[in-house]
Amino acid sequence: MITVPVMSTKGGVGKSTTAANLGAFCADAGKRVLLIDLDAQPTLSSYYRLEYEAPGGIYELVGANDTRMDNIVSKTSIANLDIVISNDSKGQLDSLLLNAADGRIRLLNLLPTFKPHYDLILIDTKGSRCITLEMALLAADRAVSPIVAEILAAREFRRGTLELWGELQTYTHLGLKLPQIKLFINRAELVSSDSRLITDSLRRQFADDPMVQVQDTVIPHIASYRKAAMLEMPAHRFETKRPAGRKAPACFDTMRALSAELFPEWKSCLEALNPKDLPEPPSNGEEAS
């Protein structure tokens, strides 16, 4: 089982969309995936229609150490894709964990319960420094961090995320290992020179950094991802072919490339997924663009 938080200390970079689309692509490729929504603003929890909504969620899992599957795990409309929804609207978990002796390592201790049931756990986190983010990182095998190709976002990554990594280094003395950050450019304007300059700068800066790996795959800024979310669909199901006249690749091709890059141990399985094997998308009267 691989545990991966999707994280950034800056909000609005597309963490929930990333977790939802990565999780759905891996599920369609045959992997058993559990989404965990640690964000008090539960975007991920409402991304896909639920076939079964459990009575509990993240508060029961983390706040009460409840690992009963039928009580905390909801079933989405996508086969192989389950979710622990966010039900901490008042943000009580932060206070609870700050006052608990095992606060920052609680998730690390709870997740082994899910190992027989899932191949991948994707955790959506808050877009700010907080104890729940630290808890997710200390439970992780690797971390995924989307970043938009803007100078302020790049500065925030250096100031916020990398400073956080430095502070968490103290936990390595307890035998814990910090995950490598898999950084990728999200919502890139493919025709923008500024976007290309920032992307190239990030790749140069972290070329030899063992803790940060900049991915080759870039998620373009196109409307298809937003339209897919409105239809409660994964982007790769919504757009399997590139529309005529558009430079950006189809969502299916982009998500397949990113998934294979992030999870190289499953590369052959992920790359074998064929659009013909996917459910037919509903007609919405619009052409993807």
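Before reading further, recall that the structure is shown in the block above.
The rules behind these values
Residues numbered from 1 in each chain as written. Predicted model: local features only at pLDDT ≥ 70, side-chain atom pairs only at ≥ 80, totals over all residues. Heavy atoms only, no water. Salt bridge = Lys/Arg side-chain N within 4 Å of Asp/Glu carboxyl O. Helix = DSSP H or I, 4+ residues; strand = E, 2+ residues; numbered from the N terminus. Buried < 20%, exposed > 50% of the residue type's maximum accessible area, 1.4 Å probe, protein only. Contact = heavy atoms within 4.5 Å. Pairing = 2+ DSSP bridges. Right-handed = clockwise from strand over helix to strand, strands pointing away. Core = buried A, V, L, I, M, F, W, Y, C linked by side-chain atoms within 4.5 Å.

## Remarks on the pattern of salt bridges
Part 1 of the reasoning: Counted by the stated rule, this structure contains 13 salt bridges.
Part 2 of the reasoning: Across the salt bridge formed by Arg 32 and Asp 119, the nearest N and O atoms sit 3.1 Å from each other. Note that Arg 32 is positioned in the loop between helix H1 (15-28) and strand E2 (33-37) and Asp 119 in the loop between helix H5 (106-110) and strand E6 (120-124), a separation of 87 residues in sequence.
Part 3 of the reasoning: By relative accessible area, Arg 32 is classed as partly exposed at 33%.
Part 4 of the reasoning: For Arg 129, the salt bridge is made with Glu 134, and the minimal N-O distance between the two is 3.8 Å.
Part 5 of the reasoning: The class of Arg 129 is partly exposed, set by a relative accessible area of 36%.
Part 6 of the reasoning: Several salt bridges share partner residues, and in doing so they unite Arg 104, Arg 129, Glu 134 and Glu 167 into one network.

## Considering the environment of Leu 81
Part 1 of the reasoning: Relative to the helices and strands, Leu 81 resides in strand E5 (residues 81-84).
Part 2 of the reasoning: For the pair Leu 81 and Ala 235, spaced 154 residues apart in the sequence, the C-alpha separation amounts to 15 Å.
Part 3 of the reasoning: Setting aside its immediate chain neighbours within four residues, Leu 81 contacts Gly 23, Ala 24, Ala 27, Val 33, Leu 35, Tyr 48, Lys 75 and Thr 76.

## So, the pairing of strand E8 (residues 180-188)
Part 1 of the reasoning: Burial within E8 is extensive, with seven of its nine residues counted as buried.
Part 2 of the reasoning: Strand direction decides the pairing type here: strand E7 (residues 142-148) and E8, joined by seven bridges, are parallel. The partner of Val 148 across the bridge, within E8, is Asn 186.
Part 3 of the reasoning: The parallel pair E7 and E8, bridged by helix H7 (residues 151-168), forms a crossover whose chirality is right-handed.
Part 4 of the reasoning: Taken together, the five bridges between E8 and strand E9 (residues 212-220) define a ladder with parallel strand orientation. Paired with Ile 181 across the strands is Val 212, a residue of E9.

## With respect to the nonpolar core
Part 1 of the reasoning: Judged by nonpolar contacts, the single largest core of 42 residues is most densely connected at Val 33, Leu 81, Leu 120, Leu 122 and Phe 263.
Part 2 of the reasoning: Of all the elements in the fold, those that place two or more residues in this core are strand E1 (2-6), H1, E2, E5, E6, helix H9 (223-230), helix H10 (235-238) and helix H11 (251-262).
Part 3 of the reasoning: For Leu 120, the contacting residues outside a window of four places in its chain are Met 1, Ile 2, Val 4, Cys 26, Arg 32, Val 33, Leu 34, Phe 263 and Trp 266.
Part 4 of the reasoning: Counting residues in each nonpolar core, the second largest holds 26 residues, with Met 7, Ala 143, Ile 181 and Val 214 among its members.

## A word on unusual backbone geometry
Part 1 of the reasoning: Phi is positive for Arg 187, which is not a glycine, with a value near 55 degrees.
Part 2 of the reasoning: Its identity is not glycine, yet Glu 232 carries a phi of approximately 60 degrees, on the positive side.
Part 3 of the reasoning: Relative to the elements of secondary structure, Glu 232 occurs in the loop between H9 and H10.

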